[in-house]
Each structure stands twice: as C-alpha cells, then as structure tokens.
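# Inside the fold
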Amino acid sequence: LSPGITKEQRVGVENLMKKAFANLKDDLAGSYFPLTGMKEDVRQQLVDDHFLFVSGDPNLKVAGMERDWPEGRGIFHNKEKTFLTWVNEEDQLRIISMQKGGDVKGVFARLATGIKAVGDSVKTESGKEFMLDGKYGYIHSCPTNLGTGMRASVHLDLPGWTKEGLKTLQARCEELHLQPRGTRGESGGQTGVTYDISNKHRLGYSEVQLIQKMIDGVNTLYKEDLELKKKHGL
C-alpha cells in the first residue's frame, strides 16, 4: 500500500497499468497521462475537467504517501471522460465513473463494467487480483474505505440548507447516513451553495444498498431544501 510502497514498486504498478489500460475496449478505451513530464496544456486540461489530483494534502504527507512525487503517478480516462482511473494516488488504483445529469444507474453500470474490465486486464498481464478480504472487504490505504471501498456522490445545490448553516446540514446528513463535502474534495473546504453529497458508510452494506441510501437521502435533502428556501424567502 502507498504508505510503505518503494519507488521501484510504485513504478512497477504504473508500468503494469499502462499495459492493462491498453487492453480496454469500446467505450472504456482511452489514454493514460503520467504526471511525470506532463505538458502544461495537458495538465491544464485535466485541471479544467476536475480530473487532476495534486500533492500537498497534509494527511497523505504525514502517512508517507507523497514520497518521490510525482513519479509513478498518473491518470487514465476514456474518450468521453466518463471513466477514469487514478494510479498511485492515495491507493494504487482508484476507479471512477462519472457524468453530468441524474442517471445514477448508468454511472453505476459503467463502474461495474469498468472495474471488471480493469481487474481482468490486470490479471491477464500479471496474474494478480484486487486485494479482497472475506471479512474486511477491499483493502485500502485508508481504513475508512474498508468494505466496498465505494463512494457514490452527486453535486447538489442546497441554498436553503446553506442558510440554516453547515453544522445543521451536517447533523441532518448524519441522520440520513450521508456525508456532505465541498465540491473541491475531502479537504478543499466549502464554497457557495453546491455540496458533494455521498454515502457515509463503506463497510457492512452492499454497493447497491449504499447507492440506494445516497439516492433516497439526496431526494430527501432536496425536498427539505425547497421548504427551507420558502422559509428564508429565497
């Protein structure tokens, strides 16, 4: 895992993934962009797309996850920019499915297909499989991701809840088993009225249950926000 990985192992994971990505077909096919030696125009495009992960997170630094930065790190995405994989960030792999709009089922279907395709390709190239423990689920660098390791989120405008205050919204999300974040990531802080709302739990529930919790919770927050907007005259 990334706190203990050596430079050679990290580069080995990247080289394996370059081969694995080359095997992806159809709507999953795309390009890999290594952080080392990245051209400025490519870097700026990835920033504009909100795909690029950056160094400097104090928690990752303390855990030794940013040693030899940026060597061995990179981002893969398909042509439509709806399927991404981060290589050697906090985890060796982070597989992401995303798109604009409300088709959660479509995003989840692509994620399931993509995880299987990446897993099969890695196995073909190296004989290795994802680290899956019968009791603890998928093994990650951060213990909060044990279990499914899956975070399903939507970006949602909540002007009514914003007027009520962040603490009130956080308490409500806790009741709904959700976690609110700013749209700039886990430690990016909150700006404006747009929140990233996701399932709080990873462990003890199935992926389908967690997505359903997120959908139901977001619909509840949205309905409540309409009432709060009236209350605050928005």
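Before going further, it helps to examine the side chain of Arg 181. On the secondary structure map, Arg 181 appears in strand S8 (residues 178-181). A polar contact of 3.4 Å, which involves the side chain of Arg 181, links it to the side chain of Gln 179.

With that settled, the discussion passes to the packing of aromatic side chains. Each aromatic ring pair is specified by the distance between its two centres and by the angle formed by the two planes. Inspection of every chain in the model, using the stated rule, returns four aromatic pairs. Relative to Phe 76, the ring of Phe 21 lies with its centre 4.4 Å away and its plane at 15°, an arrangement referred to as stacked. Here Phe 21 is found in helix H1 (residues 7-22), whereas its partner Phe 76 is found in strand S2 (residues 74-78), with 55 residues between them in sequence. Aromatic pair Phe 53 and Trp 86: ring centres 5.0 Å apart, planes at 50°, arrangement tilted. Taken as a pair, Phe 53 in the loop between helix H2 (40-48) and helix H3 (58-62) and Trp 86 in strand S3 (residues 83-87) lie far apart in primary sequence, 33 residues in all. Given the relative accessible area of 16%, Trp 86 is considered buried. One aromatic cluster is present, formed by Phe 21, Tyr 32 and Phe 76 through successive ring pairs.

This part is about the environment of Gln 44. Among the secondary structure elements, Gln 44 is positioned in helix H2. A residue is classified by how much of its surface remains accessible, and Gln 44, at 32% relative accessible area, is partly exposed. Spatially, the C-alpha atoms of Gln 44 and Lys 25 are 27 Å apart, while their sequence positions differ by 19 residues.

On the surface, Leu 1, Met 131, Tyr 136 and Ile 139 cluster together into a nonpolar patch covering about 350 Å² of accessible area. Secondary-structure assignment places Met 131 in the loop between helix H4 (104-126) and strand S5 (132-133). Residue class for Met 131 comes out partly exposed when judged on its relative accessible area of 45%.

Here we come to the packing of helix H6 (residues 166-175) against helix H7 (residues 207-231). Two elements in contact, H6 and H7, have axes separated by 11 Å at closest approach and are oriented at 140°. With respect to H7, the axis of H6 lies oblique. Judged by the twist between their axes, the crossing of H6 over H7 is right-handed. Residues Leu 169, Arg 172 and Cys 173 of H6 touch H7, and the partners they reach there are Thr 220, Leu 221 and Glu 224. Class assignment for the residues of the contact of H6 with H7 results in three nonpolar, one polar and two charged.

Another aspect to go through is the sheet that holds S2. Here we have four strands laid out as an open sheet, ordered S1-S2-S3-S4, and antiparallel in their pairing. In the strand order of this sheet, the two ends are held by strand S1 (30-34) and strand S4 (93-97), each with one partner. Strand-to-strand twist in this sheet, taken as the mean axis angle between neighbours without regard to direction, amounts to 15°. Where S3 lies against S4, five bridges are found, and the strand directions are antiparallel. Counterpart to Leu 84 in the pairing with S4 is Ile 96.

Here is what the cut-offs are and how they apply
- Residues numbered from 1 in each chain as written.
- Predicted model: local features only at pLDDT ≥ 70, side-chain atom pairs only at ≥ 80, totals over all residues.
- Heavy atoms only, no water.
- Helix = DSSP H or I, 4+ residues; strand = E, 2+ residues; numbered from the N terminus.
- Polar contact = N/O pair within 3.5 Å; in protein donor to acceptor, adjacent residues only side chain to side chain.
- Phe/Tyr/Trp six-rings, centres within 6.5 Å; stacked < 30°, edge-to-face > 60°.
- Buried < 20%, exposed > 50% of the residue type's maximum accessible area, 1.4 Å probe, protein only.
- Patch = residues over 30% accessible without salt bridge, like charges linked within 9 Å, V, L, I, M, F, W, Y side chains within 5 Å.
- Areas by Shrake-Rupley, 256 points an atom, 1.4 Å probe, with all protein chains shown as cover.
- Salt bridge = Lys/Arg side-chain N within 4 Å of Asp/Glu carboxyl O.
- Axes fitted to C-alpha atoms, helices over the stretch in contact; angles between N-to-C directions.
- Parallel < 35°, antiparallel > 145°, perpendicular 65-115°, else oblique.
- Left-handed = near helix turned anticlockwise from the far one by under 90°.
- Contact = heavy atoms within 4.5 Å.
- Nonpolar A, V, L, I, M, F, W, Y, C, P; charged D, E, K, R; others polar.
- Pairing = 2+ DSSP bridges.

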